[in-house]
Amino acid sequence: MSEENAFFLLDGERLVPTALTRGPWSPIHQHGGPPAAVMARAIEQAAGEPDSLHMTRFTIDFMRPVPIEPLTVSVERVRDGRRARGYAAVLSAGGQVVARATALVVRTEPVTPPPVRVQEPLLPLPDDAAPFQFPFFRNPVGYHTGVETRMARGTFGSGRAAAWMRLRVPLVLGETPSPAQRVLAVADSGSGIGAAFDPALFVPFINADLTVALHRFPDGEWIGLDAATALEPHGIGLTRTGLYDVRGSIGQGLQGLVIGQPVAR
């Protein structure tokens, strides 16, 4: 599969992944970001009303590695309220469920909130941050080449770092990704930005889930990730990621990690 100019192509109702969806641990499986984003896309399409509905929470459970094969997404509305709606989505490949997601979508209304402390921006901003590429991808073409990454602060491999990310290509060919889709396409990279291992070693760290909570959508294409990872000797970890745009905080991400044994590159 050659490099394309989008993460997915449309074939009727099917989403056909390109090589840009490829993850770091296997040449035949996707990074978690593109599948999460297309599930958010399907939920947004089911919800409609893009100008008045805000996806405040999205959780995906990866049932198994998502293959680089045509995908279908089905969506069910599971909660209906005056301001809050709930949706459940199922991602399938070859007739097999590979991921499940739930989302809370809230209708926005103008209010006069009490004063709150202004959230500080993530500095330095993208124009002043250093170009960075994830060093643990095995193939020359994959998710890491479909996104642009700039390290804002911290040291890769230390367990705490911050970076800016944006999509180099559309999520789906011929479409402009929504703000929520742009966040979901990169939020799964928090565990990579905040990796807590010696970069000289190859250490598989796989997140079985991802939850993103957003109090506002991002302005612009750059998404900031300020990630911190905790690892335990029993092989379980947790990454907490502050999510930003150039104005300041937009939300939080959370990933549960399963850590493999380090092997030499």
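Only a predicted model underlies this, so the values are computations on that prediction, with no experimental measurement involved.

Visitor: Outline the environment of Val90, supporting the account with residue identities and numerical values.
Guide: Counting through the fold element by element, Val90 comes out in strand E5 (residues 84-93). Each C-alpha atom of the pair Val90 and Ser26 lies 23 Å from the other, and the pair is 64 residues apart in sequence. Val90 has contacts with Met39, Thr72, Val73, Ser74, Val97, Ala99 and Arg100, leaving out every residue within four places of it along the chain.

Visitor: Give me the layout of surface pockets: which residues, what numbers.
Guide: The space that makes up the largest pocket amounts to roughly 490 Å³. In terms of lining, the largest pocket is formed by 25 residues, of which the most central are Trp25, Gln30, Gly32, Ile206 and Asn207. At the level of secondary structure, the elements contributing two or more residues to the lining of the largest pocket comprise helix H4 (190-193) and strand E11 (205-207). For the lining of the largest pocket, the leading source of residues is E11, giving 3 residues. Split by residue class, the lining of the largest pocket holds 13 nonpolar, 10 polar and 2 charged. Its volume calculated, the second largest pocket comes out at about 200 Å³.

Visitor: Summarise the pairing of strand E6 (residues 96-107); cite the residues concerned and give the values.
Guide: Looking at chain direction, strand E3 (residues 53-62) and E6 are connected through 9 bridges and run antiparallel. Bridge assignment links Phe58 to a residue of E6, and that residue is Ala103. When E5 meets E6, the two strands line up antiparallel, connected through 10 bridges. Paired with Arg85 across the two strands is Val105, which belongs to E6.

Visitor: Give a description of the pattern of salt bridges that names residues and reports values.
Guide: By the definition in use, this model includes 15 salt bridges. Of the charged contacts in the structure, one is a salt bridge between Asp11 and Arg14, with a shortest N-O distance of 2.7 Å. Looking at Asp11, the relative accessible area reads 39%, which means it is partly exposed. With a shortest N-O distance of 3.8 Å, Glu109 and Arg83 are connected by a salt bridge. Taken as a pair, Glu109 in the loop between E6 and strand E7 (130-132) and Arg83 in the loop between strand E4 (71-80) and E5 lie far apart in primary sequence, 26 residues in all. Here the salt bridges do not stand alone but share partners, grouping Asp127, Glu148, Arg150, Arg166 and Glu221 into one network.

Parameters at a glance
- Residues numbered from 1 in each chain as written.
- Predicted model: local features only at pLDDT ≥ 70, side-chain atom pairs only at ≥ 80, totals over all residues.
- Heavy atoms only, no water.
- Helix = DSSP H or I, 4+ residues; strand = E, 2+ residues; numbered from the N terminus.
- Contact = heavy atoms within 4.5 Å.
- 1 Å grid on protein atoms, 1.4 Å probe; cavity = no way out; pocket = protein on both sides within 12 Å on 5 of 7 lines; lining within 4 Å.
- Points joined across faces, edges and corners; volume = space filled by probe spheres on them.
- Nonpolar A, V, L, I, M, F, W, Y, C, P; charged D, E, K, R; others polar.
- Pairing = 2+ DSSP bridges.
- Salt bridge = Lys/Arg side-chain N within 4 Å of Asp/Glu carboxyl O.
- Buried < 20%, exposed > 50% of the residue type's maximum accessible area, 1.4 Å probe, protein only.

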